[in-house]
2 protein chains.
Amino acid sequence: MPTSKDVARLAGVSQSTVSYVMSGKRPISEEVRQRVQAAIEELTYHPNAGARALAGRRTHVVGLVVPFGASADPGGLLPFIETIASGAREHDHDVLLVTADEGTSALTRLEGRRLCDAIVLMEVEARDERIPVASGLRVPVLLVGVPEEPDGLVCVDLDFAAAGRLAVEGLVERGHRRIAVLGYPPEAVERDIGYVRRFGDAALAAASAAGVECALVSPVAHTAAAVRAAVGRALETARDGDGADDDGLDDPGLGLVVASGGAVPLALTALAERGVVPGRDVSVVAMLPDATAAATSPPVSNVSTESRDVSRRAVQELFRLLGDDPPTGGGVHLVTPRLTHRRTTVAGPAGA
Amino acid sequence: MPTSKDVARLAGVSQSTVSYVMSGKRPISEEVRQRVQAAIEELTYHPNAGARALAGRRTHVVGLVVPFGASADPGGLLPFIETIASGAREHDHDVLLVTADEGTSALTRLEGRRLCDAIVLMEVEARDERIPVASGLRVPVLLVGVPEEPDGLVCVDLDFAAAGRLAVEGLVERGHRRIAVLGYPPEAVERDIGYVRRFGDAALAAASAAGVECALVSPVAHTAAAVRAAVGRALETARDGDGADDDGLDDPGLGLVVASGGAVPLALTALAERGVVPGRDVSVVAMLPDATAAATSPPVSNVSTESRDVSRRAVQELFRLLGDDPPTGGGVHLVTPRLTHRRTTVAGPAGA
DNA sequence: CTGAAAGCGCTAACAG
DNA sequence: CTGTTAGCGCTTTCAG
C-alpha cells in the first residue's frame with residue numbers, strides 16, 4: 001500500500017508537495033502537478049484517513065445520529081439518510097452512522113474520539129436531553145427538528161404549521177365545511193410537543209379563518225381499536241348539526257386530516273369497515289412522504305413530509321457550518337411542504 | 001482535550017501502560033489499573049480515533065454499503081442498518097455508511113484510505129460487478145445476498161427457496177387447490193436472477209409436490225395497470241377447470257402469492273376493484289417484513305423477509321471475520337423465513 | 001509486571 | 001513556487 005512518500009519519490013518531489021497538490025492549499029506549477037497526478041494514478045494512491053485526521057485535525061467525516069429503535073417510521077428516514085450521505089460525498093466527506101439509543105454519550109464519544117468534524121442530530125424532540133450536551137461541543141451540531149430551546153444551534157425542519165394549514169385549506173377548497181384532525185399517538189404527544197402543537201394549532205387556525213368547523217381528535221394511539229374509535233368520533237361529529245345523511249347534494253362530507261402517517265392504513269381500514277369511501281363520501285388528507293402516500297391503497301392525498309427537501313437543506317447548512325466563514329451561530333430553517341391530491345379527496349364543489 | 005499522555009502523567013505511569021490498560025493486551029497490576037482508570041474518568045479521556053487507527057492499524061469501523069437510489073424498498077432496509085449499527089457498537093466498532101451509487105470505487109476508497117476494517121455489501125445481485133473487486137481487497141467483505149460467483153466471500157441471505165415453499169405450503173394447508181404467484185418486476189428479473197429464480201422454482205416445486213396447480217405470472221411491473229392485469233390473469237386461470245363461480249362450498253378459491261413486497265398495495269387495490277375480498281374469496285400471502293405486512297389494509301399474511309434476523313446473522317459472521325481465528329474463507333449462510341397468517345388468508349377447510 | 005522510544009502517514013509551519 | 005522538518009496521539013517492540 002503506497003504512501004505519499006512513495007508518490008513523492010516517484011514524482012521526484014517532496015512529500016509536502018504531494019500533500020499540497022491534493023489539497024490545493026498552495027500554488028503548484030502545472031508541470032509538477034502533472035507529474036504528481038501521474039504518480040498518484042500509477043500507484044493508485046489513497047491518503048490514509050487516520051493519518052490525515054491526525055495531522056490535519058479534520059476527519060472529513062460527519063456523524064449522523066439516527067432515531068432507530070423507536071422508529072415506527074412511515075418512510076421518511078431512508079431518503080433522509082441517503083440524501084445526507086450523498087451530499088456529504090459531494091463535499092468529499094463520509095458519514096458515520098450512530099443510533100440514537102446511545103443517547104447523549106454518542107455525542108461525547110464522537111467529539112472525544114475525534115470521529116467526525118460535525119454532527120447531524122435527527123428527530124430532535126421539543127425538550128431533548130441531547131441539546132444541552134450538543135451545544136457544549138466543540139464540533140458544530142445541526143439539528144433536524146426544532147426544540148424549544150435551540151440553545152444557539154442551527155435547526156432545519158419541515159414547516160409543520162404550514163402543513164397543518166395546507167391540509168385544512170386543501171379540504172376547504174374542495175368544499176368541506178366540517179373537518180376533523182386525527183392527531184398524534186400519545187407517545188408523540190408527550191415527546192414531540194414541538195411539531196405536534198404547531199401542526200394542530202395551525203390546522204385549527206386555518207379552519208377558523210375559513211369559517212369551517214374543525215375537531216381535533218387527539219391523542220390517537222396507533223392501534224386498530226383506537227383509530228377505529230377516533231374515526232367513529234370524527235364521523236359522528238361531522239354528522240351533528242347536519243341533520244340528515246345525504247340531503248345536501250353539494251355536501252362533500254367530512255374532511256379528515258390524518259396528522260400521523262403511521263395511522264393512515266388503520267384509518268383507511270376503519271373507514272372501509274363502515275362502508276365509507278374516501279374520495280366519494282369523505283376526503284382524507286394525510287401527512288406522509290409522497291412515495292408512501294402513493295403506495296397506500298387507495299393512494300391517499302398527502303401533505304408531503306419532504307424528507308428529501310429537508311435533508312438537502314440540512315446538508316447545505318451543514319457545510320456552511322464547516323465552511324470558512326463563521327456562520328453566525330443559531331438559526332431555524334423551515335422547509336415548506338406541498339399538498340398533493342390523490343384518490344382520497346372528493347372532486348370539489350365547482351365541478352372541477 | 002486530554003491525551004493519553006495526560007492520563008499517564010496524572011496516574012503516574014507511562015503512556016504505554018495507559019494503552020495497555022485500555023486494550024487489555026498485557027497484564028496490569030490491579031493497583032495501577034485503578035489509578036489509570038481513575039485518571040481516565042477524571043479527565044474524561046477519549047482515545048483519538050485517527051491516532052489509534054494510524055498506530056494500531058485497526059480503525060474499529062466497519063463500512064456499510066447500502067443500496068440507495070434504486071431502493072423502492074418495502075421496509076426491510078432500515079431495520080437492517082439499525083441492527084448492523086447496534087451490533088457493531090456492541091463490538092466497540094462504528095459504522096461508516098456509503099451509498100451503492102458510488103459503485104465499485106466505494107470499495108477501493110474504503111480500503112485505500114483505510115477507512116474501515118471490514119465491509120458489508122448489501123443487496124448483492126446475482127452477477128454483481130462489485131464481487132470481483134471485493135474479493136480482491138485486503139479487508140474482509142461480507143455479502144448480504146448470494147451472487148452466482150461468491151468468489152470465496154462470505155454470504156448471508158434469506159432462504160428464498162424456503163420462502164417460496166412456505167408460501168405455497170401455507171396456502172395448500174388452507175385448502176387452496178389453485179395457486180398463482182405474482183412474480184417480480186422486470187428490473188428485478190434481470191438484475192437479481194439469484195433469488196428471483198430460487199423463489200419461483202421452489203414455489204412451483206412445492207405446488208407440484210402437493211399436487212396443486214400453480215401459475216407463475218411474471219414479470220409484473222410495479223404499476224397499477226400491470227398488477228391489475230396480472231391479478232386478472234391469475235383469477236382467470238383459477239376459474240378455468242372450476243366450471244362455475246361458487247358451487248363448491250369447500251373451494252377456498254385462488255391462493256395468491258405476491259413475491260415482490262412492493263406490489264402488495266397495488267394487488268390489494270386490484271382485487272378490491274373486482275370486488276374480490278382477500279380472506280374470504282381468495283387468500284393472499286406476500287413476501288414482506290412483518291411490520292410492513294401488519295401495516296397494510298387489511299393486514300396481509302406474509303412470509304417474513306426477516307431483515308432483522310438476516311442482519312443479526314450478518315453481524316455475527318462479520319465479527320467472526322474480524323476475530324482472531326482465521327474463519328476459513330467463504331460460506332453461504334441462509335436464514336429461514338416464517339409464515340404468518342393475517343387477515344388475508346381464508347380460514348381453511350377443516351374448520352380451523 | 002512496567003518504561004522508553006520508535007514510528008504509523010500525513011499536514012503545516014518554517015525556510016528558502 | 002518548492003523542500004525540510006517537526007509533530008499530530010497512539011501502539012508496540014525492545015529492554016528491563
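In what follows, the accompanying structure is described. (Residues numbered from 1 in each chain as written. Chains lettered and ligands numbered in written order. Predicted model: local features only at pLDDT ≥ 70, side-chain atom pairs only at ≥ 80, totals over all residues. Heavy atoms only, no water.)

## Considering the overall build of chain A
Helix and strand content of chain A: 14 helices and 12 strands. Taken against the 2.2 N^0.38 rule, which gives 20 Å for 352 residues, the C-alpha radius of gyration of chain A at 26 Å runs more than 25% over that of a compact globule. Buried positions account for 51% of the 352 residues belonging to chain A. Of the roughly 15,400 Å² of accessible surface on chain A, 51% is carried by carbon and sulfur atoms. (Helix = DSSP H or I, 4+ residues; strand = E, 2+ residues; numbered from the N terminus. Rg over C-alpha atoms; globule rule 2.2 N^0.38 Å. Buried < 20%, exposed > 50% of the residue type's maximum accessible area, 1.4 Å probe, protein only. Areas by Shrake-Rupley, 256 points an atom, 1.4 Å probe, with all protein chains shown as cover.)

## What about the protein's contact with DNA strand D?
Around DNA strand D, the surrounding shell holds 26 residues, and the nearest of these are Arg26 and Val32 of chain A together with Ser4, Tyr20 and Tyr45 of chain B. Protein-proximal atoms of DNA strand D, defined as those within 4 Å of the protein, fall in sugar or phosphate at a share of 53%. Note that a base oxygen of DNA strand D is positioned 2.3 Å from one of the side-chain N or O atoms of arginine 26 of chain A. Within the backbone of alanine 55 of chain A, a nitrogen or oxygen atom sits 3.3 Å from a base oxygen of DNA strand D. Going through the elements one at a time, α2 (15-23) and α4 (49-56) of chain A together with α2 (15-23) and α4 (49-56) of chain B are the ones with two or more residues in the surface near DNA strand D. A class-by-class count of the residues in the surface near DNA strand D yields 11 nonpolar, 12 polar and 3 charged. (Near = heavy atom within 4 Å. Polar contact = N/O pair within 3.5 Å; in protein donor to acceptor, adjacent residues only side chain to side chain. Nonpolar A, V, L, I, M, F, W, Y, C, P; charged D, E, K, R; others polar.)

## Some remarks on the relation of the copies chain B and chain A
Once chain B has been moved 0.0 Å along the axis and rotated by 180°, it coincides with chain A to within an RMSD of 0.1 Å. One copy is carried onto the other by what is essentially a two-fold rotation axis. Of the interface residues in chain B, 98% have counterparts in chain A that sit at the interface too, so the contact is made through matching surfaces. (Least-squares fit on C-alpha atoms with pLDDT ≥ 70 in both. Contact = heavy atoms within 4.5 Å.)

## Focus: the sheet that holds strand β12 (residues 339-340) of chain A
Residues and elements named next belong to chain A. Taken together, 6 strands build an open sheet; the order of strands is β7-β6-β8-β9-β10-β12 and the sheet is mixed. In the strand order of this sheet, the two ends are held by β7 (213-217) and β12, each with one partner. Of the strands in this sheet, β6 (178-182), β8 (254-258), β9 (283-288), β10 (301-304) and β12 touch helix α8 (residues 160-173), which is tilted by about 165° from β9. (Pairing = 2+ DSSP bridges. Axes fitted to C-alpha atoms, helices over the stretch in contact; angles between N-to-C directions.)

## Digging into the interface of chain B and chain A
By a widespread convention, an interface's size corresponds to the accessible area lost as its parts come together. With 44 residues of chain B at the contact, the number on the chain A side is 43 residues. A combined buried area of about 3,900 Å² lies between chain B and chain A, and 59% of that area is made up of carbon and sulfur atoms. Contact with chain A buries area across many residues of chain B, yet Met1, Leu78 and Arg113 of chain B alone supply 17% of it, more than any other trio. In this assembly, chain B and chain A are joined by 6 salt bridges. A salt bridge links arginine 89 of chain B to glutamate 102 of chain A; the shortest N-O distance between them is 3.3 Å. Our enumeration of links across chain B and chain A arrives at 8 residue pairs in polar contact (both at pLDDT 80 or more). Within the residue set of the side of chain B that touches chain A, elements represented by two or more residues are α4, α5 (77-90), β2 (94-99), α6 (104-112) and α12 (264-273) of chain B. (Buried area = accessible area lost by both parts, 1.4 Å probe. Salt bridge = Lys/Arg side-chain N within 4 Å of Asp/Glu carboxyl O.)

## A closer look at the nonpolar core
Grouped together as the largest cluster of nonpolar side chains are 97 residues, with contacts concentrated most on Ile81 and Leu97 of chain A together with Ile81 of chain B. Ignoring anything within four residues of it in the chain, the contact list for isoleucine 81 of chain A reads Leu64, Val66, Phe68 and Leu97 of chain A together with Phe68, Leu78 and Leu97 of chain B. Counting residues in each nonpolar core, the second largest holds 44 residues, with Ala49, Val61, Leu115 and Ile131 of chain A among its members. (Core = buried A, V, L, I, M, F, W, Y, C linked by side-chain atoms within 4.5 Å.)

## Concerning the packing of aromatic side chains
Residue and element names in this part refer to chain A. Scanning the model with the defined rule gives 6 aromatic pairs over all chains in all. Between phenylalanine 160 and tyrosine 195, the ring centres sit 4.3 Å apart and the planes meet at 15°, which makes this aromatic pair stacked. Here phenylalanine 160, found in helix α8, pairs with tyrosine 195, found in helix α10 (residues 193-210); they are 35 residues apart in sequence, far enough to count as distant. Ring centres 5.5 Å apart and planes at 70° place the aromatic pair tyrosine 184 and tyrosine 195 in the edge-to-face group. Residue tyrosine 184 is located in the loop between β6 and α9 (186-191), and its partner tyrosine 195 is located in helix α10; the two are separated by 11 residues in the primary sequence. (Phe/Tyr/Trp six-rings, centres within 6.5 Å; stacked < 30°, edge-to-face > 60°.)

## Observations regarding the side chain of aspartate 94 of chain B
Checked against the element boundaries, aspartate 94 of chain B lands in strand β2. When sequence neighbours within four positions are dropped, the list of residues in contact with aspartate 94 of chain B reads Leu96, Val98, Arg109 and Leu115 of chain A together with His60, Val61, Val62 and Arg89 of chain B.

## Some remarks on the pattern of salt bridges
Counted according to the given criterion, the structure contains 41 salt bridges over all chains. A salt bridge links glutamate 102 of chain A to arginine 109 of chain A, with the shortest nitrogen-to-oxygen separation between them at 2.8 Å. A single burial state applies to glutamate 102 of chain A and to arginine 109 of chain A, both of which are buried. Arginine 228 of chain B serves as the salt-bridge partner of glutamate 273 of chain B, at 2.8 Å between the closest nitrogen and oxygen. Note that glutamate 273 of chain B is positioned in helix α12 and arginine 228 of chain B in helix α11 (residues 224-239), a separation of 45 residues in sequence. With relative accessibility at 42%, the residue glutamate 273 of chain B sits in the partly exposed group. Taken together, the shared-partner salt bridges connect Arg89 and Asp94 of chain A together with Glu102 and Arg109 of chain B into one network.

## What about the sheet that holds strand β11 (residues 331-335) of chain B?
The strands that make up a sheet pair up through hydrogen bonds in the backbone, lying either parallel or antiparallel. Pairing is mixed in the open sheet, where 12 strands are placed in the order β11(A)-β5(A)-β4(A)-β3(A)-β1(A)-β2(A)-β2(B)-β1(B)-β3(B)-β4(B)-β5(B)-β11(B). With partners counted over all chains shown, the strands left at the sheet margins are β11 (331-335) of chain A together with β11 of chain B, one partner each. Direction aside, the axes of adjacent strands within the sheet are offset by 25° on average. Sheet analysis places strand β4 (residues 141-144) of chain A next to strand β5 (residues 154-158) of chain A, joined by 3 bridges and oriented parallel. Opposite leucine 142 of chain A, over in β5 of chain A, you have valine 154 of chain A as the bridge partner.

## A closer look at the pairing of β9 of chain A
All names here are of chain A. Of all 6 residues that make up β9, 6 are buried, and the element is covered over most of its length. With burial as the criterion, each face of β9 is covered, one bearing Ser283, Val285 and Met287 and the other bearing Val284, Ala286 and Leu288. Looking at chain direction, β8 and β9 are connected through 4 bridges and run parallel. Note that in β9 the partner of glycine 255 across the bridge is serine 283. What joins β8 to β9 is helix α12 (residues 264-273), and the crossover it makes is right-handed. As judged from the 4 bridges shared by β9 and β10, these two strands associate in the parallel manner. For alanine 286, the partnering residue across the bridge sits in β10 and is asparagine 302. Handedness of the crossover joining β9 and β10 through helix α13 (residues 290-295) is recorded here as right-handed. (Right-handed = clockwise from strand over helix to strand, strands pointing away.)

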